Amino acid sequence: MLLRAIDGYEGYPITRFACRIAPHVMLRPGELRHSVWSDIDWEGAVWSIPAERMKMRRPYSVPLSREVLALLRELAVHTGPDGLMFPAFHSHRRPMCENTMNRAFRRMGFTFAQVTAHGLRTTASTLLNESGLWSPDAIERSLAHNDAKCDPGKSDGRCQASRRCSAADMPLIGFPRGARAFEVSLPRK
């Protein structure tokens, strides 16, 4: 129901793209809003966010599915190829307002208790953990949560490898009531 509502959203197209991409990449709303086109490695299908824009102040990479790459290509027609991926309505030099996605969800008919931009991360975590298919540690790393056992500065490389797999290897986890597929990229248990 949520993803269909997002697809049918008739507001600002950039907002619709942000709402469509967010469930797939599980980034914090601020990390998404402040992203720039140079963060995207099109050939490697990876979205790399530098440490200074991450909450935990560590660089982070998100493998991108074919669906997300297609959405980003569509978005690039509106805001690319340089600068902010999700600029504000009135200025392409400023990022989208922190409440823009939440206001869009309200316009789609969802209450604050039902859907928030940051809550999409919680939904992803819940669905993945309840599926039993994924290691809870891997799910936490996919959400860019701090993990003392996985310090990139002290890692032997296994952490990054467990967080990254090719987009072709991404499994599909269904939303409740078959709303639509939700793609994630995590190692299996």
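All of the points below concern the structure found in this document. (Residues numbered from 1 in each chain as written. Predicted model: local features only at pLDDT ≥ 70, side-chain atom pairs only at ≥ 80, totals over all residues. Heavy atoms only, no water.)

1. A word on the packing of aromatic side chains
Right, so step 1: According to the stated counting rule, one finds two aromatic pairs in the structure shown.
Right, so step 2: Between the aromatic rings of tyrosine 12 and phenylalanine 89, the centroid separation amounts to 4.9 Å while the plane-to-plane angle is 80°, which identifies the pairing as edge-to-face. Pair noted here: tyrosine 12 is in the loop between helix 1 (2–7) and helix 2 (13–25) and phenylalanine 89 is in the loop between helix 4 (66–79) and helix 5 (100–107), with a separation of 77 residues, a long-range link.
Right, so step 3: Judged by relative accessible area, tyrosine 12 falls into the partly exposed class, the value being 22%.
Right, so step 4: Accessibility expressed as a relative area gives 55% for phenylalanine 89, which makes it exposed.
Right, so step 5: On the basis of an interplanar angle of 15° and a centroid distance of 6.1 Å, the ring pair of tryptophan 37 and tryptophan 42 is categorised as stacked.
Right, so step 6: Using a relative accessible area of 4% as the deciding quantity, one classes tryptophan 37 as buried.
Right, so step 7: Exposure remark for tryptophan 42: the relative accessible area of 28% places this residue in the partly exposed category. (Phe/Tyr/Trp six-rings, centres within 6.5 Å; stacked < 30°, edge-to-face > 60°. Helix = DSSP H or I, 4+ residues; strand = E, 2+ residues; numbered from the N terminus. Buried < 20%, exposed > 50% of the residue type's maximum accessible area, 1.4 Å probe, protein only.)

2. Thoughts on the layout of surface pockets
Right, so step 1: Here the second largest pocket is characterised by a volume of approximately 180 Å³.
Right, so step 2: When residues in the lining of the second largest pocket are grouped by element, the largest group, four residues, is from helix 5.
Right, so step 3: In terms of residue class, the lining of the second largest pocket is built from eight nonpolar, two polar and two charged. (1 Å grid on protein atoms, 1.4 Å probe; cavity = no way out; pocket = protein on both sides within 12 Å on 5 of 7 lines; lining within 4 Å. Points joined across faces, edges and corners; volume = space filled by probe spheres on them. Nonpolar A, V, L, I, M, F, W, Y, C, P; charged D, E, K, R; others polar.)

3. Here we look at the side chain of serine 65
Right, so step 1: Within the fold, serine 65 resides in the loop between strand 3 (60–63) and helix 4.
Right, so step 2: At a separation of 3.1 Å, a polar atom in the side chain of serine 65 contacts the main-chain amide nitrogen of valine 68. (Polar contact = N/O pair within 3.5 Å; in protein donor to acceptor, adjacent residues only side chain to side chain.)

4. Quick notes on the pattern of salt bridges
Right, so step 1: Per the stated rule, a full pass over the model turns up three salt bridges.
Right, so step 2: When the shortest N-O distance is used, the salt bridge between glutamate 31 and arginine 28 registers 2.9 Å. There is no split in this pair, since glutamate 31 and arginine 28 are both buried.
Right, so step 3: Arginine 53 serves as the salt-bridge partner of aspartate 39, at 2.1 Å between the closest nitrogen and oxygen. With a gap of 14 residues between them, aspartate 39 in the loop between helix 3 (29–33) and strand 1 (40–41) and arginine 53 in the loop between strand 2 (46–49) and strand 3 connect regions that are remote in the sequence.
Right, so step 4: Classification of aspartate 39 as buried rests on a relative accessible area of 7%.
Right, so step 5: Since its relative accessible area comes to 24%, arginine 53 is described here as partly exposed. (Salt bridge = Lys/Arg side-chain N within 4 Å of Asp/Glu carboxyl O.)

5. Observations regarding the nonpolar core
Right, so step 1: Ranked by size, the top nonpolar core spans 39 residues in total, and within it Ile21, Leu32, Trp47, Leu64, Leu72, Phe86 and Phe105 carry the most contacts.
Right, so step 2: Considering each element in turn, this core owes the most residues, seven residues, to helix 2.
Right, so step 3: Each residue touching phenylalanine 86, except ones within four places of it in the same chain, is listed here: Ile14, Phe17, Ala18, Ile21, Leu32, Arg33, Ser35, Trp47, Leu75, Pro95 and Met96.
Right, so step 4: Counting residues in hydrophobic clusters, the runner-up holds six residues, among them Met26, Ala124, Trp134 and Leu143. (Core = buried A, V, L, I, M, F, W, Y, C linked by side-chain atoms within 4.5 Å. Contact = heavy atoms within 4.5 Å.)

6. Remarks on the sheet that holds strand 1
Right, so step 1: What the three strands build is an open sheet, ordered 1-2-3; its pairing is antiparallel. Of all the strands in the sheet, the pair left with one neighbour each is strand 1 and strand 3.
Right, so step 2: Of the pairings in the sheet, the one linking strand 2 to strand 3 comprises four bridges and is antiparallel in character. If you follow isoleucine 49 over to strand 3, its bridge partner there is tyrosine 60. (Pairing = 2+ DSSP bridges.)

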